[in-house]
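Okay, here's what each chain looks like letter by letter:
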Amino acid sequence: MRSDANVAGPMTDPVPGPRAESVGDGVSRETPPPMDDTPIGRAAQLAVEALGRAGEGLPRPNRTRVMVVANQKGGVGKTTTTVNLAASLALHGARVLVVDLDPQGNASTALGIDHHADVPSIYDVLVESRPLSEVVQPVPDVEGLFCAPATIDLAGAEIELVSLVARESRLQRAIQAYEQPLDYILIDCPPSLGLLTVNAMVAGAEVLIPIQCEYYALEGLGQLLRNVDLVRGHLNPALHVSTILLTMYDGRTRLASQVAEEVRTHFGKEVLRTSIPRSVRISEAPSYGQTVLTYDPGSSGSLSYLEAAREIALRGVGVHYEAQHAHTSSQNSQQNVSEGIQ
Ligand SMILES: Nc1ncnc2c1ncn2[C@@H]1O[C@H](COP(=O)(O)OP(=O)(O)OP(=O)(O)O)[C@@H](O)[C@H]1O
Ligand SMILES: [Mg+2]
C-alpha cells in the first residue's frame, strides 16, 4: 500500500463539468462514435467529447485513501457507487482497488471479474490469511482498476471469523501488507453491520454513505453512525464519515429534493454537491459486466459519477470544490420527509 508522499502530478484525464441534481438522462446515445478500438480508449474518448472540456488535472492523494462504502439498508446504491466511483477515479488517472466484501459478489460481477466458487477471493484473505496480492485481479476494461472478488464462501465468513484471532482487523492487516501502490481502495460492504463491515471500518479511515433519495432515507442511519463511533472508540481512531452521496435522485419529484434538503441539513459539509441521478444506463451496465463509465460514457450517470469522483479527489487534498451549476435544493420544503436519524 502506498504511503509515501505523492507526486505523480495531476491525474491526466479530463475533468467533467459538474452535474448537479437536475441532470436528466438523455445524452447517452448522442455521443460521437469512438476513435479508439480499445474499451478504455473508447471510454476516455467518449467521455472527453461528452464533457466538452479537458486538461484540468486531478490531484492524487498523498497516501492511499481507504473508503468504506457502507449503509446497512439494502439497495441504496452501495455497489453501484463503489464500482462507478472506482472506475471514474481510475479514468481520472488514479490506481484504484475495489474490495468486494459482500457475499452477493455484485461488485465483482459489475466489474466483469470472474468470481465462481473456485476463484481465489477475499474469503481466502480474511479466513485463510492468504495475501491480498494473490486474489487481486485487473479489471479488463479499465486501466488502473483492480478488484479483490467475493465468492459465495464469504457468506460463511461472518460466523467463521468469530473464532479467529484478530477477527476485526484481518482486512486491515491484509491491506497493510499489500505492496502495490494504490491511490484509493474502495470497500463495498454488505447490507449489514456484522464482522465483515467491522473489518472494513477497521481497515479504512473514511466512511462513504450512499443515501437513496426516498422516503425514510435517514431511517437506520443512527445505528450506522453509532457503529462508526464504536469502531472509532475501540479499534480505529482515524475512522470518520467523510462523504455522503445522494443516489437515485429524480429531479422531477419534490420528494427527492426534500430528502436531499433534509440530508444536507443533518450532515452539512460531508454531503457531496454532486448527486447521482436515477438512470436506466446505470442499472443496465452490471448485466454486461461493465461500469456505466465504459457501458455508456456520455450518459448522465457516467458524467455524474465522474463529477462525484472529482469532488472526492479535490476534497482529499483540501481543495475547495467549485461546481459550475451549484446545487440548488428546494428552500421551501414544508414537510418533514423522513423520521430523522434514529
Ligand atoms: N442511480 C441509479 N439509477 C438507477 N438505478 C440504480 C441507480 N443506482 C443503483 N441502481 C439500481 O438499484 C439497485 C440497487 O443498487 P445497488 O446494488 O448498488 O445497491 P446496494 O446498496 O449495493 O444493495 P445491497 O444492499 O443489496 O448490496 C440495483 O439494481 C442498481 O442497478
Ligand atoms: Mg451491494
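Quick look at the structure, then. All figures in this text were calculated on a predicted structure; none of them were measured in a lab. (Residues numbered from 1 in each chain as written. Chains lettered and ligands numbered in written order. Predicted model: local features only at pLDDT ≥ 70, side-chain atom pairs only at ≥ 80, totals over all residues. Heavy atoms only, no water.)

Further remarks concern unusual backbone geometry. If you check the backbone angles, Ala166 has positive phi at about 50 degrees while not being a glycine. Unusually for a residue other than glycine, Tyr216 sits at a positive phi of about 65 degrees. Looking at the element boundaries, Tyr216 is found in the loop between β6 (206–212) and α8 (221–234). (Helix = DSSP H or I, 4+ residues; strand = E, 2+ residues; numbered from the N terminus.)

Okay, the site of ligand 1 next. Around ligand 1 there are 18 residues in total, and Lys78, Thr79, Thr80, Pro277 and Ser279 lie nearest to it. A distance of 2.8 Å separates an oxygen atom of ligand 1 from a polar side-chain atom of Thr79. A total of 3 residues in the shell around ligand 1 trace back to one element, the largest contributor, which is helix α2 (residues 78–91). Of the residues in the shell around ligand 1, the class split is 6 nonpolar, 8 polar and 4 charged. (Near = heavy atom within 4 Å. Polar contact = N/O pair within 3.5 Å; in protein donor to acceptor, adjacent residues only side chain to side chain. Nonpolar A, V, L, I, M, F, W, Y, C, P; charged D, E, K, R; others polar.)

So, about the pattern of salt bridges. Following the criterion strictly, the structure yields 11 salt bridges and no others. Of the charged contacts, one joins Asp183 and Arg60 as a salt bridge, the two residues approaching to 3.0 Å between their closest N and O atoms. Taken together, the positions of Asp183 in the loop between α6 (170–177) and β5 (184–188) and Arg60 in the loop between α1 (39–51) and β1 (65–69) put the pair 123 residues apart, joining distant regions of the chain. Linking Glu307 and Arg310 is a salt bridge whose minimum nitrogen-to-oxygen distance equals 2.9 Å. On the criterion of helical spacing, the pair formed by Glu307 and Arg310 is a turn pair, its members being 3 residues apart in helix α12 (residues 300–316). With relative accessibility at 0%, the residue Glu307 sits in the buried group. (Salt bridge = Lys/Arg side-chain N within 4 Å of Asp/Glu carboxyl O. Buried < 20%, exposed > 50% of the residue type's maximum accessible area, 1.4 Å probe, protein only.)

Moving on, we come to the sheet that holds strand β3 (residues 137–138). With respect to topology, 7 strands assemble into an open sheet ordered β3-β4-β2-β5-β1-β6-β7, the strand pairing being mixed. Each edge of the sheet is formed by a strand with only one pairing partner; in this case those strands are β3 and β7 (240–247). Pairing between β3 and strand β4 (residues 145–148): 2 bridges, direction antiparallel. The residue of β4 that forms the bridge with Pro138 is Phe146. Across the sheet, α2 lies against β1, β2 (96–100), β4, β5, β6 and β7, angled at about 165 degrees from β5, the strand it touches most. Against the sheet, α8 engages β6 and β7, with an angle of about 175 degrees to β6. (Pairing = 2+ DSSP bridges. Contact = heavy atoms within 4.5 Å. Axes fitted to C-alpha atoms, helices over the stretch in contact; angles between N-to-C directions.)

Keep in mind that these numbers describe shape and distance, not what the molecule does.
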